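# Structural features, examined
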Amino acid sequence: MLEGMTTYTLRSARPVPAPVVKELLTTDDAGRPAVPFTDHEGGAPLRCCLRHSREGERIALVSYAPLRRWAAETGADPGPYDEQGPVFVHAGECAGPEAGDLPFTGAHRTLRRYSADGRILGGRLVAVPEDFAPALDEAFTDPEVALVHVRAVEYGCFLYEVRRRG
């Protein structure tokens with residue numbers, strides 16, 4: 001690890017907050033109502049608790065605009081970088097993230113870096129799980145980076161965000 005770097009651990013990974021999930025289950029960020037279903041197979045990446053769904057859980061696939069919601073909270077203007085996409089969430093109460101390692105790192109991931117004013121600063125493909133945490137640390141060595149979106153490469157789906165501490 002480079003001198004001065006901080007390891008960003010699970011407590012830095014931010015799930016979709018419970019109040020936002022509740023809103024998305026009423027009307028998602030594309031203006032549609034959620035359609036909950038029973039996941040008979042399990043394995044869907046849940047963004048409310050940052051784990052895979054278990055067989056038999058009630059979940060919903062909703063449209064979520066993470067940068068838009070962050071911008072509304074911080075006063076930034078994401079401009080053309082505002083996008084929405086599908087995310088799985090629990091269809092009811094969720095206990096939130098469980099303690100552990102950074103979630104969803106077992107496949108190719110893209111780390112998109114954003115400035116405090118909502119502009120994209122670049123990205124990085126992470127192909128090996130062991131490279132994920134160092135790549136996240138590296139992203140935050142740039143003082144302009146305010147947050148990082150972790151996304152799946154296969155579908156481009158948003159998984160979670162990591163914000164600069166402090």
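Residues numbered from 1 in each chain as written. Predicted model: local features only at pLDDT ≥ 70, side-chain atom pairs only at ≥ 80, totals over all residues. Heavy atoms only, no water.

## Regarding helix α2 (residues 66–74)
What counts is decided by this rule: Summary of the burial criterion: residues with accessible area below 20% of their type's maximum are buried, those above 50% are exposed, and those between are partly exposed, where the area comes from a 1.4 Å probe applied to protein chains only. Secondary structure elements follow DSSP: runs of H or I of four or more residues count as helices, runs of E of two or more count as strands, with numbering from the N terminus. Here, the arc refers to the directions that run from the helix axis to the C-beta atoms. Two residues form a contact once any of their heavy atoms are found within 4.5 Å.
Three or more residues of α2 are buried, namely Pro66, Leu67, Trp70 and Ala71. What you see down the axis of α2 is that its buried residues fit within an arc of 130°, all on one side. Along α2, exposed side chains directed more than 90 degrees from the buried face belong to Ala72 and Glu73. Buried residues along α2 sit against β5 (58–64), β7 (109–115), β9 (145–152) and β10 (158–163). With its phi angle positive at about 85°, Gly75 sits one or two positions after the end of α2.

## Quick look at the confidence of the model for the protein chain
Going by this rule: pLDDT is a residue-level measure of predictor confidence that goes from 0 to 100.
Predicted confidence across the protein chain gives a mean pLDDT of 90, with 92% of residues reaching 70 or more. The low-confidence segment residues 1–11, where pLDDT is below 50, has 28 contacts with residues more than four positions distant or belonging to other chains.

## A look at the pattern of salt bridges
Operational definition: The rule for a salt bridge is simple: a side-chain nitrogen of Lys or Arg has to be within 4 Å of a carboxyl oxygen of Asp or Glu.
By the definition in use, this model includes 13 salt bridges. For Arg109, the salt bridge is made with Glu154, and the minimal N-O distance between the two is 3.9 Å. Of the two residues, Arg109 sits in strand β7 while Glu154 sits in the loop between β9 and β10, which places them 45 residues apart along the sequence. With a shortest N-O distance of 2.5 Å, Arg163 and Glu161 are connected by a salt bridge. Per residue, the accessibility class of Arg163 equals that of Glu161, and both read buried.

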